[in-house]
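# Structural characterization, general
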Amino acid sequence: GAGVSQSPRYKVAKRGQDVALRCDPISGHVSLFWYQQALGQGPEFLTYFQNEAQLDKSGLPSDRFFAERPEGSVSTLKIQRTQQEDSAVYLCASSSLRWGTYEQYFGPGTRLTVT
Amino acid sequence: KQEVTQIPAALSVPEGENLVLNCSFTDSAIYNLQWFRQDPGKGLTSLLLIQSSQREQTSGRLNASLDKSSGRSTLYIAASQPGDSATYLCAVGGNKLVFGAGTILRVKS
């Protein structure tokens, strides 16, 4: 596709529900990133994939958060037993190593509201 | 731990004015620095990327500079327009970007 796409764009979940957020990266991009953006703040890193390998998950806030990219393309971020503090915009980005740079291209985000 | 600070937090200017946004970071061992624009309710649009070996990048009315030794970057916007109104974010890193909280820019017509 022309850019990074994410679905759903908006998700309302009741506290305790599980949610799954999807990211479709730019075709051919080997690297994929997830970030969490709280209201009025800059995005914070969650996790990073190179192809299907999850190379860094140091930013995942708890073991309720799980991300996967089984075929090295589409990725899913899953949040189990959602809590109110999980309410945020979840951004996905992809990049390709080109000329030694890691320029990241972002999707529109999924706004998660936990009630 | 890398920390990124952006000053000012908000800025309001009349149309046509030149302006400078500031970004500072605590760890100079960065791979690159990226400036983004974010419109309300939207994702991030990459404006400029400066590799660690570079000192500046230009795109149209935008110019970004990087001084690794002092841990600073500036984004210069020339002849500002109302359409430039948005939040501007600075991020440093390589695979893992560390972001500042952003500068909210409003250009008044």
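Residues numbered from 1 in each chain as written. Chains lettered and ligands numbered in written order. Predicted model: local features only at pLDDT ≥ 70, side-chain atom pairs only at ≥ 80, totals over all residues. Heavy atoms only, no water.

Next up on the list: the interface of chain A and chain B. The interface is formed by 23 residues belonging to chain A together with 20 residues belonging to chain B. Regarding the contact of chain A and chain B, the summed buried area is about 1,700 Å², with carbon and sulfur atoms giving 52% of it. The interface formed by chain A and chain B contains 1 salt bridge. Here Asp56(A) makes a salt bridge to Lys96(B), at a shortest N to O gap of 3.6 Å. Linking chain A with chain B are 7 residue pairs in polar contact (both at pLDDT 80 or more). When residues of the side of chain A that touches chain B are traced back to their parent elements, those giving at least two are strand S4 (31-37) and strand S5 (44-50) of chain A. Ranked by residues supplied to the side of chain A that touches chain B, first place goes to S4(A) with 3 residues. (Contact = heavy atoms within 4.5 Å. Buried area = accessible area lost by both parts, 1.4 Å probe. Salt bridge = Lys/Arg side-chain N within 4 Å of Asp/Glu carboxyl O. Polar contact = N/O pair within 3.5 Å; in protein donor to acceptor, adjacent residues only side chain to side chain. Helix = DSSP H or I, 4+ residues; strand = E, 2+ residues; numbered from the N terminus.)

All names here are of chain A. Position of Arg 64 relative to the elements: it lies in the loop between strand S6 (53-56) and strand S7 (65-68). Only 3.2 Å separates the side chain of Arg 64 from the backbone oxygen of Arg 81, close enough to count as a polar contact. Apart from the residues lying within four places of it in its own chain, the contact partners of Arg 64 are Lys 78, Ile 79, Gln 80, Arg 81, Thr 82, Gln 83 and Asp 86.

Function cannot be inferred from these measures alone, as they are strictly geometric.
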